[in-house]
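Fold and geometry: a report
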Amino acid sequence: MQDQQSRVGRRLSAILAADVAGYSRLMGLDEIGTVRSLREHRAVTDALIAKHGGRIVKTAGDSLLLEFSSVIDAVECALAMQAIMAERNESVPQDRRMQFRIGINLGDILIEGDDIHGDGVNIASRLESIAEPGGICVSASAYDQVQGKVAVEFTDLGEQNLKNIARPVRAYAVARDGHGVAPRSGAARSTPYPAPRLSIVVLPFDNIGGDPEQDYFVDGVTESLTTDLSRISGSFVIARNTAFSYKGKSFDVTQVGRDLKVRYVLEGSVQRGGNRLRVNVQLIDAETGHHLWAERFDKPIADFLDMQDEIVSRLANTLDTQLVAAEARRAESSLSPDAMDLIFQGKFWMNKGITPQYLAQAREFFQRALELDPRNVEALGGLASIDTTAAAGYLTDERAARFLAAETAAIKALSLAPEHARIRVTLGAVLLFTNRAAQSIAEFERALTLNRNLAVAHSFIGLAKCYLGRAAETEAHVQDALRLSPRDALAYWWMTWAGMAKLYLGRDEEATMWLRRTSETNRNDILSHFALAAALAHLDRFDEARPSVQAGLALDPTFTLCRYRAGAVLSDNKIFLAQRERVYDGMRKAGVPEG
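On a predicted model such as this, the values are computed, not experimentally measured, just so you know.

The next thing to look at is the overall build of the protein chain. The secondary structure content of the protein chain amounts to 24 helices and 15 strands. Once the C-alpha set of the protein chain is aligned to its principal axes, its extents read approximately 85 × 70 × 45 Å. Counting only residues that meet the buried cut, the protein chain has 53% of its 595 residues in that class. Considering only contacts within the protein chain whose residues lie at least 6 apart along the sequence, 64% involve residues at least 24 apart. On the protein chain, roughly 26,300 Å² of surface is accessible, and the fraction owed to carbon and sulfur atoms is 49%. Positive and negative side-chain charges of the protein chain, numbering 69 and 76 respectively, have mean locations separated by a distance of 2 Å.

Below, the structure written as structure tokens:
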């Protein structure tokens, strides 16, 4: 009797695991709206589950674990869930859509009251993690029971090594068109090995109009982009010769992705009209064919090589941000993220802007990455950048400690990867903000020799000139940065520095113009609000200055003139220190708390 009581119950069941893709990102965009939307979706899907004979085993936040006595019922329920979700998402903007990933397995499970455990359950959960948003992934054991019995086509994903599952599991995905499940046409078809992260091919740009004299320019854009994208840390870029094999041919981008084993395809065109040149580019997800980003450049025709450099530099900088965002979206849905998954998510949060909340989110991801890989250069560089940013942006009173931590992390990272241009910029920033401006310029210039597209290095050189008492030179460097990357995530910082330089020089009208540009670009930049208030106070426009102070204090209620004055250690240059006094005076007049 005692043996019978201790015996673990088992049964063969179909297990369905579901999770919302990108739930953390959606919560970051709109917590209340996301929770309300999930509740509404669950009311609909719960009814579908009951209709198909499923049992809700448990829910946890955005995840579901269901049990069915029939695999066919489980798959048909999953198809119905995804179809209704697709219908409900039709009128929702792409970045706000709530989409389920679903994994299904047929396996032996352990029974404990109303709960279930074991590999049969774990495999379903791991299959869910490799499904596409809006997609369904099933194990071979489930596929064997449903093939020919449900009206959908399956794609053979091959053997998958799933985390904490001892043996590889053969997996199949329900094949879909752009809007739903594709009708079944026969047996499963095969798909290649998953493409590596940040893998991209730059296809030859089209020369619209066919002017042969323009071919060299069009091909030059393609070649230069291929070279410059390869400078993105961790990228995998298909070589120029392979890419040019597609020139002049019609092709399907998803087939290109499969043939070359890349996640992204960049294609574009160049068109000349009179004395202007138009360049169109599109970044495409090679797995789905969906457009991720598009841009158009209209430029007056000048020196072709100068135009080529400017267009390529802008594209390379923008694509860096777009590719990080795309990889972060993929990574956030993983149940078992590795270090690189976490790093992409950390970079994504940093690119959102400089606020205590965003930096805290980024720090968490980088720290988790270091726990998995203590020598990870990108994670070390990320933490160094966060500490530098927090201290430089006056988001902490422990500025010296943060700068020291940043310098330590940056030096360690560079000992592992001495040619990492962005970490050179971070080290240069630490030197700059700790009264070593001349040394910092040397680091920024070295970074630019490693990667000519690093707009942020140009901007930092401009700021360093301020600290050396040469504020009149700052604007030119900021303009160089904005020319290379006009929509950069940090562009508002650069505008603030140009505005501060004008404020130092007593050119208050010009300062207000730059600082208002900062606010239009990013209203979360704390220092720009206080600097704008100072410039307006010097112009005796106090009715405009006071709201700027209030806007800054709303973002950081702890900001004080005392804390800002502590930043005078930035430089011991007498010209700089004298210029900074008028900034203190302006802030004081505008009503910034003394502290």
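For the rest of this paragraph, the subject is the environment of D585. Mapped onto the fold, D585 is located in helix α24 (residues 574-590). With relative accessibility at 28%, the residue D585 sits in the partly exposed group.

To continue, consider the environment of A86. The topology assignment puts A86 in helix α4 (residues 71-89). Note: C-alpha distance between A86 and Q99 (13 residues apart in sequence) is 7.8 Å.

Throughout the structure, instances matching the rule amount to 16 aromatic pairs. Ring centres of F460 and W493 lie 6.4 Å apart, and the angle between their planes is 80°; this geometry places the pair in the edge-to-face category. Here F460, found in helix α17 (residues 455-467), pairs with W493, found in helix α19 (residues 491-504); they are 33 residues apart in sequence, far enough to count as distant. The class of F460 is buried, set by a relative accessible area of 5%. Accessibility expressed as a relative area gives 9% for W493, which makes it buried. Ring centres of F559 and Y564 lie 6.4 Å apart, and the angle between their planes is 35°; on these two criteria the pair is classed as tilted. Assigned by exposure class, F559 and Y564 land together as buried. Every member of this aromatic cluster is reached through a ring pair, and the members are F403, F433, F444, F460, Y467, W493, W497, Y504 and F576. Lying across the ring of Y564, R580 places its NZ or CZ 4.2 Å from the centre.

In this section: helix α14 (residues 399-416). With 18 residues, α14 should reach 26 Å at 1.5 Å per residue; the first-to-last C-alpha distance of 26 Å fits that figure. Of the positions making up α14, those classed as buried are R399, F403, A406, E407, A409, A410, A413 and L414.

About the criteria used
- Residues numbered from 1 in each chain as written.
- Predicted model: local features only at pLDDT ≥ 70, side-chain atom pairs only at ≥ 80, totals over all residues.
- Heavy atoms only, no water.
- Helix = DSSP H or I, 4+ residues; strand = E, 2+ residues; numbered from the N terminus.
- Buried < 20%, exposed > 50% of the residue type's maximum accessible area, 1.4 Å probe, protein only.
- Contact = heavy atoms within 4.5 Å.
- Areas by Shrake-Rupley, 256 points an atom, 1.4 Å probe, with all protein chains shown as cover.
- Lys, Arg positive; Asp, Glu negative; His and termini not counted.
- Charge placed at Lys NZ, Arg CZ, Asp CG, Glu CD.
- Phe/Tyr/Trp six-rings, centres within 6.5 Å; stacked < 30°, edge-to-face > 60°.
- Lys NZ or Arg CZ within 6 Å of the ring centre and 35° of its normal.
- Expected span 1.5 Å × (residues − 1).

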